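A structural walkthrough
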Amino acid sequence: MEAEESVGLVGAGRMALAIATGILAAGNVKPEEIIASAPSDNNLCKFKEMGMRTTHDNGSVVKNCTVLFLAVKPHLLTNVLVNICPLVTPAHLVVSVAAGVTIDTLESLLPQGCRVLRMMPNLPCTVLQGASVFCRGTHATTSDADLLKGLVSACGLCEETPESYIDIHTGVSGSGVAYVYLFAEALIDGAVKMGMPYELSKKLVAHTLLGAGKMMLDSGEHPAKLKSDVCTPGGTTVHGLYQLEKGNLRSTVMDAVGAATGHAREVGKRLQPHQGLEQR
C-alpha cells in the first residue's frame, strides 16, 4: 500500500470503528492519517482516544482523505452522497459498507468515472477476527482492490466476490454473528438450567464456539463430518441433536439467512436511482 494514503470515514458507528481499528492494526496508516465524521461527539470520542482526527463536517473528511469509507445507515446514504459529490475527485477511492446499497446506486450518485468498491464487513472486525467481502465498481481496478485488502488485512478474512454474493454475505456473516450469539445464549441458559454457574457456562460456551470454528478452518472437513465425529451410537450428543432436529433448527437457521438476505436486497431496491435521475 502506498505510504501517502489517508483514510476518511463518513459515519462513526460500531462498524466504522471496527474498520478503523483494523486499519490501525495493519500498520500502514497512522492514527493522524485517519479522519472520521458524525453529527455528534457521542461516537467520535472513541476515535479521538485512539489518536484519530474527528469532525462534524462530512466535507472535511472528503477533503482530507484519498480512501473514503461510507459507513452510514443505508437510508441516510443518498443524502450524504448528494452533499459530498461535488468534493469527490478522481484521486478518491470510495468504499461503501452500507448494507444493500448497490454499485449502480453508488455510481449514479457519485461523479462519472468514480472508483467505487462495495464492501460488507462484520462486527468481529473489532477484535480482528472479521469476515468481509467486497466487489468492484465499473471503474475500480485491481490496484484498488489490493489497496482495500492491504488496509483491512488485520481485520480478518477479506474476499473479493461477485456483487450478487454481497447481500448473501450480509445474511450469513453480517447478521450471522447475532445468530451465533443467540445460540450461545441458549447453550449458556441450558447449562445454568442444569445447575452450572453463569460465568463458567459463558466461558465454556465461548471456547466451544471458538474451538469448533477453528476445527472447521484447520481440518477443511464438511461440518456434517465434524458433527458425526462427535457422536457415538446411543451417546449424549445424538440425544441432544435429536432434540435440535425436532425443533427444526436447521431449516429455521436457513430461513433466517434467507430473511436477512431478502431484506438487504429490498433495501437495495428501495435505494435504486429513480427514473429521471441522470448519471453523473
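Definitions and cut-offs
Residues numbered from 1 in each chain as written. Predicted model: local features only at pLDDT ≥ 70, side-chain atom pairs only at ≥ 80, totals over all residues. Heavy atoms only, no water. Buried < 20%, exposed > 50% of the residue type's maximum accessible area, 1.4 Å probe, protein only. Helix = DSSP H or I, 4+ residues; strand = E, 2+ residues; numbered from the N terminus. Pairing = 2+ DSSP bridges. Right-handed = clockwise from strand over helix to strand, strands pointing away. Axes fitted to C-alpha atoms, helices over the stretch in contact; angles between N-to-C directions. Contact = heavy atoms within 4.5 Å. Core = buried A, V, L, I, M, F, W, Y, C linked by side-chain atoms within 4.5 Å.

**A short note on the pairing of strand S4 (residues 67-70)**
The alternating pattern of S4 places Val67 and Phe69 and Leu68 and Leu70 on opposite faces, both of which are buried. Bridging between strand S1 (residues 7-10) and S4 involves 4 bridges; their strand directions are parallel. Within the sheet, the bridge partner assigned to Gly8 lies in S4 and is Leu68. Taken together, S4, helix H4 (residues 74-84) and strand S5 (residues 93-96) form a β-α-β motif whose crossover is right-handed.

**Re the sheet that holds S1**
With mixed pairing, 8 strands are arranged side by side in an open sheet as S3-S2-S1-S4-S5-S6-S7-S8. For this open sheet the edge positions go to strand S3 (53-55) and strand S8 (156-160), each flanked by a neighbour on one side alone. Sheet twist, expressed as the mean angle between neighbouring strand axes with direction ignored, is 20°. Each of S1, strand S2 (34-37) and S3 touches helix H2 (residues 41-49); the most contacted strand, S3, lies at about 160° to it. On top of the sheet, H4 reaches S1, S4 and S5; it is set at about 150° to S4, its chief contact.

**A look at unusual backbone geometry**
Phi angles above zero are rare outside glycine, and Leu128 is one such case at about 65°. Looking at where Leu128 falls in the secondary structure, it is placed in the loop between strand S6 (115-120) and strand S7 (130-136). Taking relative accessible area as the criterion, Leu128 reaches 32% and is therefore assigned partly exposed. The residue Asn248 is not glycine, and still its phi comes out positive at about 60°.

**Considerations on the nonpolar core**
Val7, Leu9, Ile23, Phe47, Phe69 and Leu151 are the most contacted members of the largest nonpolar core, which totals 35 residues. Contributions of two or more residues to this core are made by S1, helix H1 (14-26), S2, H2, S4, S5, S6 and helix H6 (142-151). With 7 residues, the single largest contributor to this core is H1. Setting aside residues no more than four positions away along its own chain, Val7 makes contact with Ile23, Val29, Glu33, Ile34, Ile35, Cys65, Val67, Phe69 and Leu151. Grouped together as the second largest cluster of nonpolar side chains are 28 residues, Leu77, Val94, Leu110 and Val267 included.

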